[in-house]
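# Structural overview
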Amino acid sequence: MLRDGRVIGALKLADEIRPESRRAVDALHERGVEVIMITGDARAVAESVGAELGIDRVYAGVRPEDKAATVKALQDEGRRVAMVGDGVNDAPALAQADVGVAIGAGTDVAIGSAGVILAGDDPRSVLSVIDLSRASYRKMKQNLWWATGYNLLSVPLAAGVLAPVGFVLPMSVGAILMSLSTVVVALNAQLLRKLDLRPQTARYGA
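Everything numeric here is computed off the predicted structure, so don't read it as measured data.

What follows covers the overall build of the protein. Looking only at helices and strands, the protein has seven helices and seven strands in total. Counting from the amino terminus, the protein carries its helices and strands in the arrangement β-β-α-β-α-β-α-β-α-β-α-β-α-α. Computed over C-alpha atoms, the radius of gyration of the protein comes to 26 Å, more than 25% over the 17 Å expected from 2.2 N^0.38 for 206 residues, which places it beyond the range of a compact globule. The buried share of the protein, reckoned over its 206 residues, is 30%. Across the protein, the fraction of contacts at a sequence separation of at least 24, relative to all contacts at a separation of at least 6, is 42%.

Right, let's talk about the pairing of strand β5 (residues 82-85) for a bit. Side chains M83 and G85 of β5 all project onto a buried face; the interleaved residues A82 and V84 project onto a face where none is buried. Inspection of the sheet shows β5 paired to strand β6 (residues 99-103) by four bridges, in the parallel sense. Within β6, the position partnered with A82 by the bridge is V99. In this view, the connection linking β5 to its parallel neighbour β6 by way of helix α4 (residues 91-96) has right-handed handedness.

To continue, consider the nonpolar core. Of all hydrophobic cores here, the largest spans 16 residues; its most connected members are V25, L28, V35, L53, I55, L118 and V126. Of all elements in the fold, only α1 (19-30), α2 (43-53), β6 and α6 (125-158) reach the threshold of two or more residues within this core. The contacts of I55, once residues within four sequence positions are left out, are V25, V35, I36, M37 and G50. Counting twelve residues, the second-largest nonpolar core is a separate cluster that includes L74, V81, A93 and L94.

Criteria and cut-off values
Residues numbered from 1 in each chain as written. Predicted model: local features only at pLDDT ≥ 70, side-chain atom pairs only at ≥ 80, totals over all residues. Heavy atoms only, no water. Helix = DSSP H or I, 4+ residues; strand = E, 2+ residues; numbered from the N terminus. Rg over C-alpha atoms; globule rule 2.2 N^0.38 Å. Buried < 20%, exposed > 50% of the residue type's maximum accessible area, 1.4 Å probe, protein only. Contact = heavy atoms within 4.5 Å. Pairing = 2+ DSSP bridges. Right-handed = clockwise from strand over helix to strand, strands pointing away. Core = buried A, V, L, I, M, F, W, Y, C linked by side-chain atoms within 4.5 Å.

Dropping the structure here:
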């Protein structure tokens, strides 16, 4: 605002950073995840936001067609990349990433290009995806070890490895143990239902 050629006032406009974004970045760091921002915004704006949120790397002024190339460059560094986006411009990068995560409130093109769709627009939902993935992987390993251990023990017994000492596992008992093994694996998998994946209850330091 000018008066007689002198500045007497100014108005500054800026997008407000959501508190949830700060908590999401902090939680991702505590999980050992490097956070990178790829944006078409001006470098000064992008670096200011990146510094405030504690983002590790900022790629600013990236054209829509170059976002996928930037993701590819990160993959060439030996990184596994999860890309989060919601716009038409993000679709190629979502398709290029190892895991594309689309915001449910975003465009249909972005949703169609992603492998994971978030129901809402809370950035902390990304933490829920990570927690569920890690918990599922742990359950897979537990069930694999259980099934392998059962076979390593039961198959030799059923084959008569202890027959010289007078012990042979009856076939009926073996069938019961096989069924029991299946039940244990199924029940162990059901424990995933106890996970609280609401964004506001995302655990830190997982």
